[in-house]
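Take a look at the letters that make up each chain.
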Amino acid sequence: MSKIELKEMSERLSRVDKYTKKRTPWECVKLSRNINRPGVEDYIKLICDDFMPLCGDRLYGEDKAMLGGIGLIDGRAVTIIGNRKGSNLKENIDVNYGMSHPEGYRKALRLAKQAERFNRPIISFIDTPGAYPGLGSEERGIGEAIATNLKEFSTLSVPIISFIIGEGGSGGALGIGVSDKLYLLENAVYSVITPEGFASILMHDPSKAEEAANIMKMTAQDLLEMEIIHGIIKEDKDGAHVNPEFSASEIKKTINKDLNILTKKKPDSLVRYRLKKIRSIGASKEQESYSEPLLKVLQKIY
Amino acid sequence: MEKLVQCPICHQEINANVLSNNLEVCPNCNYHFHFKVRERIVNICDENSFVEIDEHLVSLNPLEIEGYEEKLKKHKDKSNLNDAVVTGSATLNGEKIYLCVMAFDFMGGSMGALVGEKITKIMIEGAINNIPVIIFCASGGARMQEGIFSLMQMAKTSSAVALMNKTKVPLFIVLTHPTTGGVTASFASLGDVILSEPGALIGFAGPRVIQGTIGQKLPEGFQRAEFQRDHGFVDAVVNRKDMKETLSYLIKTHKVKNNE
């Protein structure tokens, strides 16, 4: 082996070392909530050639916790939606810690429908502890807003790619997370409830959050094994906040690779594939084939 | 000795037989007591018309959570149900329907993979066979023990509603006490018509969570059926005794083809 080859190999090995580190689920939870962790705006800056934010749900108001707009990625126009969490206390308060009211979800839907009309793919960046559990939120129908997004996103005729970049908190995350391709960043988490909530409801002790995180199967690796997500986006070994450029370039590569395939699909086959994937999750194994009735009804529609 | 039940609202003591003959509704103040799944089916369907589907299916333990299987067994024994929803076909005043009735007394009516699967399957069958689907909701939300699989049932059931919408088959939702969490944030909010029983608690976050967030007492009647109607999220609040005829009217009017 020549000296140059040796040098190349050791460099490659050190790179592998740099980008892999086994963490406990609880360490991932903490890292996913790190205040310095890059958010949707950081990734937009690093990924897009240009971006213009758009405001409002046209029904009630503008929700600062939900960012939306049109971006250009390598010359391709895309609609981007994502939860804003803020990177300091002032921003956190300004964007309600990433917890949207109904108007945030309705704004996301408005922009998604707009994207469909103009044949733009949709990219969503998810990072929220959940939808906001408050008075106004309930009065204006937060449940209805999320439900409607789940229904509408399932049959949008443009490609949708979702990245969970930090906290994927329950229905609030899923509200912009129904997609063709779903990825988690290496240290992001995705779960039906926070570990604190799980510990308090099922273990009757909120201080057992770490224990809860260990059994909830909420890490990228767990979710990949359970076939909930399509892949894991690598981060710097010390976390995405140390080297946002690295995870941004991994995200960008993934977007380009997926869109090269997905944008060539006919809208009906795109929707069929998405519906089949959603339909298969948690379908009981002892049951007869679930896909046959689905195909029948899809034939009726498309 | 006759058994007496006290109404939690007006505190009147009611003879259990009187209450049962009155569809578990307080004859004094109209408080709607919990209505068991089997009673609901008898109340809504034509006599002996209900045929259960998938009655043998049981929940798995996908995350291998300790104690979940024992909990399922305990609830099975107690409630005589296999899980938190019973689904089937029936007729209502002679019209074919598919019916789902959720059981709040089975683990808080929580939606795990099995509940989501059974409800989705019924909606897809409805879309194929052009048969209206009626769902009586009662749920605390997603089933924590099934983690992410529970969350995904929200997407699954909602996508099935999309298929019903596209095939133009009606979905009638009846919200009963209580309907919250992941069920509110999926199919329960997506009916072509959404009815509710009087006084039912309907919301996304539970009152305790909201109270904890805002740090103040919630207004009287917050998140109740009448509140949801007045805020635009429920079409009508319907008394239990009128539910069958109301659904019958909706089925009939949705059958009328105005372009023929």
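Only a predicted model underlies this, so the values are computations on that prediction, with no experimental measurement involved. (Residues numbered from 1 in each chain as written. Chains lettered and ligands numbered in written order. Predicted model: local features only at pLDDT ≥ 70, side-chain atom pairs only at ≥ 80, totals over all residues. Heavy atoms only, no water.)

### Brief notes about the interface of chain A and chain B
Move 1: Listed as interface residues are 55 residues of chain A and, on the opposing side, 57 residues of chain B.
Move 2: Carbon and sulfur atoms supply 73% of the area buried between chain A and chain B, which totals about 4700 Å² over both sides.
Move 3: Together, Leu135, Glu138 and Val192 of chain A form the three largest contributors to the area buried by chain A at its contact with chain B, with a combined 14%.
Move 4: At the junction of chain A and chain B, the tally comes to one salt bridge.
Move 5: Among the ionic pairs, Glu117 of chain B bridges to Arg279 of chain A, the shortest N-O distance being 3.0 Å.
Move 6: Our enumeration of links across chain A and chain B arrives at 12 residue pairs in polar contact (both at pLDDT 80 or more).
Move 7: Within the residue set of the side of chain A that touches chain B, elements represented by two or more residues are α6 (135-139), α7 (142-154), α8 (170-174), β7 (189-191), α9 (195-202), α13 (267-280) and α14 (291-301) of chain A.
Move 8: If you tally residues by element for the side of chain A that touches chain B, the top one is α7 of chain A, at nine residues.
Move 9: Grouping the amino acids of the side of chain A that touches chain B by side-chain chemistry returns 31 nonpolar, 12 polar and 12 charged. (Contact = heavy atoms within 4.5 Å. Buried area = accessible area lost by both parts, 1.4 Å probe. Salt bridge = Lys/Arg side-chain N within 4 Å of Asp/Glu carboxyl O. Polar contact = N/O pair within 3.5 Å; in protein donor to acceptor, adjacent residues only side chain to side chain. Helix = DSSP H or I, 4+ residues; strand = E, 2+ residues; numbered from the N terminus. Nonpolar A, V, L, I, M, F, W, Y, C, P; charged D, E, K, R; others polar.)

### Some remarks on the domain arrangement of chain B
Residues and elements named next belong to chain B.
Move 1: Annotation of chain B at the domain level lists domain 1 (1-33) and domain 2 (35-253).
Move 2: Just the C-alpha atoms count here: the centres of domain 1 and domain 2 sit 25 Å apart.
Move 3: The interface is formed by six residues belonging to domain 1 together with eight residues belonging to domain 2.
Move 4: Summing both partners gives a buried area of about 620 Å² for domain 1 against domain 2, and 51% of it is carried by carbon and sulfur.
Move 5: On the domain 1 side of the interface with domain 2, the three residues burying the most area are Leu23, Glu24 and His32, jointly 73% of the side's total.
Move 6: Summed over the shared surface of domain 1 and domain 2, the number is zero salt bridges.
Move 7: Run the count over domain 1 and domain 2 and you get six residue pairs in polar contact (both at pLDDT 80 or more).
Move 8: Tallied by class, residues from the side of domain 1 that touches domain 2 come to three nonpolar, two polar and one charged. (Domains from an automatic or database assignment.)

### Considering unusual backbone geometry
Move 1: Residues His177 of chain B and Pro178 of chain B are joined by a peptide bond in cis, for which omega reads -20°.
Move 2: You can see Pro178 of chain B is positioned in strand β7 (residues 171-179).
Move 3: If you check the backbone angles, Asp74 of chain A has positive phi at about 50° while not being a glycine.
Move 4: Relative to the helices and strands, Asp74 of chain A is located in the loop between β2 (66-73) and β3 (76-83).
Move 5: Classification of Asp74 of chain A as partly exposed rests on a relative accessible area of 49%.
Move 6: At Asn119 of chain A, a residue that is not glycine, the phi angle is positive and equals roughly 60°.
Move 7: Structurally, the position occupied by Asn119 of chain A is in the loop between α5 (102-117) and β4 (122-128).
Move 8: The class of Asn119 of chain A is exposed, set by a relative accessible area of 60%. (Buried < 20%, exposed > 50% of the residue type's maximum accessible area, 1.4 Å probe, protein only.)

### Notes on helix α2 (residues 25-32) of chain A
Move 1: Here α2 of chain A lies mainly inside the structure; six of its eight residues are buried.
Move 2: Buried residues along α2 of chain A sit in contact with β4, β5 (160-169), β7, α9 and α10 (209-215) of chain A.

### Details of the pairing of β5 of chain A
Residue and element names in this part refer to chain A.
Move 1: Where burial is concerned, most of β5 is hidden: 10 out of the 10 residues are buried.
Move 2: Inspection of the sheet shows β4 paired to β5 by six bridges, in the parallel sense. Bridge pairing links Thr128 to Gly168 in β5.
Move 3: For β5 and strand β6 (residues 181-185), the ladder comprises four bridges, and the chain directions are parallel. The residue bridging Ile161 from the neighbouring strand is Lys181, located in β6.
Move 4: Bridge count between β5 and β7: three bridges; the pairing is parallel. (Pairing = 2+ DSSP bridges.)

### Section: the pairing of β6 of chain A
Residues and elements named next belong to chain A.
Move 1: Taken across its five residues, β6 has five buried, putting it largely inside the fold.
Move 2: By the alternation rule, side chains of β6 split into Lys181, Tyr183 and Leu185 and Leu182 and Leu184, which are all buried.
Move 3: Both β6 and strand β8 (residues 231-233) contribute to a ladder of three bridges, which runs parallel. For Leu184, the partnering residue across the bridge sits in β8 and is Ile232.

### Overview of the side chain of Ser150 of chain B
Move 1: Within the secondary structure layout, Ser150 of chain B lies in helix α5 (residues 147-167).
Move 2: Classification of Ser150 of chain B by relative accessible area gives buried; the value is 0%.
Move 3: Here Ser150 of chain B is in contact with Val192 of chain A together with Met111, Gly112, Ala142 and Arg143 of chain B, once residues within four sequence places are set aside.

### Quick look at the nonpolar core
Move 1: Ranked by size, the top nonpolar core spans 155 residues in total, and within it Tyr190 of chain A together with Phe187 of chain B carry the most contacts.
Move 2: Broken down by element, the residue count for this core peaks at 10 residues, all from α5 of chain B.
Move 3: Apart from residues no more than four positions distant in its own chain, Tyr190 of chain A is found in contact with Ile164, Gly168, Ala173, Leu174, Leu182, Leu184, Met218 and Leu223 of chain A together with Ile148, Leu151 and Met152 of chain B.
Move 4: Cys7, Ile14, Leu19 and Cys26 of chain B belong to the second-largest nonpolar core, a separate cluster that totals six residues. (Core = buried A, V, L, I, M, F, W, Y, C linked by side-chain atoms within 4.5 Å.)

### Points about the packing of α13 of chain A against α5 of chain B
Move 1: Where α13 of chain A contacts α5 of chain B, the axes come no closer than 8 Å and their chain directions differ by 135°. By the angle between their axes, α13 of chain A is oblique relative to α5 of chain B. In this structure, α13 of chain A meets α5 of chain B at a crossing whose hand is left-handed. Where α13 of chain A approaches α5 of chain B, its residues Leu275, Ile278 and Arg279 of chain A are matched on the opposing element by Ala155, Lys156, Ser159 and Leu163 of chain B. (Axes fitted to C-alpha atoms, helices over the stretch in contact; angles between N-to-C directions. Parallel < 35°, antiparallel > 145°, perpendicular 65-115°, else oblique. Left-handed = near helix turned anticlockwise from the far one by under 90°.)

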